[in-house]
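Letter by letter, the chains look like this.
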Amino acid sequence: MGDREPGPFGPAVDETFLRGIPKAELHVHIEGTLEPEMMLDLARRNGLALPYASVEEARGAYDFADLQSFLDLYYKGMSVLLEKQDFYELTLAYLEKAAGQGVRHAEIFFDPQAHTGRGVPFETAITGIREALVEAERRLGLSTRLILCFLRHLGAEEAMHTLQEALPYKGWIVGVGLDSSEIGNPPEDFKEVFEEAARHGFLKVAHAGEEGPPEYIRQALDDLGAVRIDHGVRCMEDPTLVERLRDGRVPLTVCPLSNVRLRCFTSIREHPAKRMLDQGLCVTVNCDDPAYFGGYVAENYAALRDGLGFGREDFRAVAENSFRASFLDESDKERRLHEVASFFGR
Ligand code: ADE
Ligand code: ZN
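Residues numbered from 1 in each chain as written. Chains lettered and ligands numbered in written order. Predicted model: local features only at pLDDT ≥ 70, side-chain atom pairs only at ≥ 80, totals over all residues. Heavy atoms only, no water.

(A) The arrangement of helix α15 (residues 297-308) in detail. With 12 residues, α15 should reach 16 Å at 1.5 Å per residue; the first-to-last C-alpha distance of 16 Å fits that figure. Residues Val 297, Ala 298, Asn 300, Tyr 301, Ala 302, Ala 303, Leu 304, Arg 305, Gly 307 and Leu 308 constitute the buried set of α15. A positive backbone phi angle near 70° is found at Gly 309, which sits one or two residues after α15. (Helix = DSSP H or I, 4+ residues; strand = E, 2+ residues; numbered from the N terminus. Expected span 1.5 Å × (residues − 1). Buried < 20%, exposed > 50% of the residue type's maximum accessible area, 1.4 Å probe, protein only.)

This is the structure in structure tokens:
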């Protein structure tokens, strides 16, 4: 099991150690950081009714059968976000927590269609988020990037429309991604949208192989030109694909607690993260929707220690991978990699 006790090779891999590891977070949906406390406060402030009378009731409802059952609650929950200030407070609260867990760099997804679809202007959401990113960079000393995700269940035409809406803000958005209900909404449907996004200089990532088959990971690479795969855990069913991902050093943004809570695996002990790492894949560890899945990035690290026996060298590898796989420029990557090296002692 992981090195929980201090040993000849260094300090115990305890919670303080895990939080102290300098790391990048590459897979977090800002709307998935909406804690029930803030959800209820915002509902009150904005005069909206929620199906939950208390924080405990909300948490009690977070028992998911699969991705879709989570998404149904996730879209309902975020309906309390109406004003720029709401998006600002949400984003700042996440970044404060992340900074307290050793996150030096955060690449954050947002789902504009989940807001514009209920009458909240694109501008309201993005300016609230952007102002918090700027404030956090100044105050907390971390760096950030913003990634616009298309909701795949709404189809390619809606995605193209959203891309057009994003263009006036393109200086604030590093890339595009693809999320929401995976099965039945294959990456190949979004080929043109991603081509158009690339023409405007956006980098490309995509959720694939979370619930969907390995073939969707192939499509994300071949049809979308994704440079990073979000989740990607089902690649393990296809050795040829594993070889391709390994040889191409394609980063996978793995979210262990999410996968267990959405029943992609029956328990953390069944999660393939350790096998993925041992097979040479570029695994990074992330939180996805921490308010819904029981923890932020440090809790995901702890789950890997407790459930899969991750030790110091595994955590060193995932921390290094997180910066290598990031959209930081090369000199910032090097600076952060030095920080990781001095944390682990080299
Ligand atoms: N949107 C928010 N979380 C998601 C996940 N885990 N998969 C797909 N879409 C999402
Ligand atoms: Zn996700």
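Back to the text.
(B) Representation of the pattern of salt bridges in the model. In the structure shown here, the tally under the stated rule is 27 salt bridges. Note that Arg 305 is salt-bridged to Asp 306, the shortest N-O span being 2.7 Å. Judged by relative accessible area, which is 2%, Arg 305 ranks as buried. Measuring nitrogen to oxygen at the nearest pair gives 3.2 Å for the salt bridge that ties Arg 316 to Glu 313. Of this pair, Arg 316 and Glu 313 both sit in helix α16 (residues 312-324), 3 residues apart, which is roughly one turn of that helix. Classification of Glu 313 by relative accessible area gives partly exposed; the value is 49%. Salt bridges here are not isolated pairs; linked through shared partners, they connect Glu 96, Glu 135, Arg 138 and Arg 139. (Salt bridge = Lys/Arg side-chain N within 4 Å of Asp/Glu carboxyl O.)

(C) Spotlight on the coordination of the zinc ion (ligand 2). Coordination sphere of the zinc ion (ligand 2), protein contribution only: His 27 (NE2), His 29 (NE2), His 207 (NE2) and Asp 288 (OD), at 2.0 to 2.2 Å. Given 4 donor atoms and angles of 83 to 172° at the metal, the environment of the zinc ion (ligand 2) is assigned as irregular. Sequence spacing among the residues donating to the zinc ion (ligand 2) works out to H-x1-H-x177-H-x80-D. With respect to class, His 27 is no different from His 29; both count as buried. (Donors = N, O, S within 2.8 Å, 3.2 Å for Na, K, Ca; no water. Tetrahedral: all angles 85-135°; square planar, octahedral: opposite > 155°, others 65-115°.)

(D) Here's a closer look at unusual backbone geometry. Phi angles above zero are rare outside glycine, and Ser 180 is one such case at about 80°. Relative to the helices and strands, Ser 180 is located in the loop between β4 (175-179) and α9 (191-199).

(E) Just the site of ligand 1, in detail. Taken together, His 29, Leu 67, Phe 70, Leu 71, Tyr 74, Asp 179, Ser 180, His 207, Glu 210, His 231, Asp 288 and Asp 289 make up the full set of residues near ligand 1. A distance of 2.7 Å is found between a nitrogen atom of ligand 1 and a side-chain nitrogen or oxygen belonging to Glu 210. Asp 288 is positioned with one of its side-chain polar atoms (N or O) 2.7 Å from a nitrogen atom of ligand 1. Summarising the interface, the protein chains cover 100% of the accessible area of ligand 1, which totals 270 Å² for the free molecule. Considering each element in turn, the shell around ligand 1 owes the most residues, 4 residues, to helix α4 (residues 67-77). (Near = heavy atom within 4 Å. Polar contact = N/O pair within 3.5 Å; in protein donor to acceptor, adjacent residues only side chain to side chain. Areas by Shrake-Rupley, 256 points an atom, 1.4 Å probe, with all protein chains shown as cover.)

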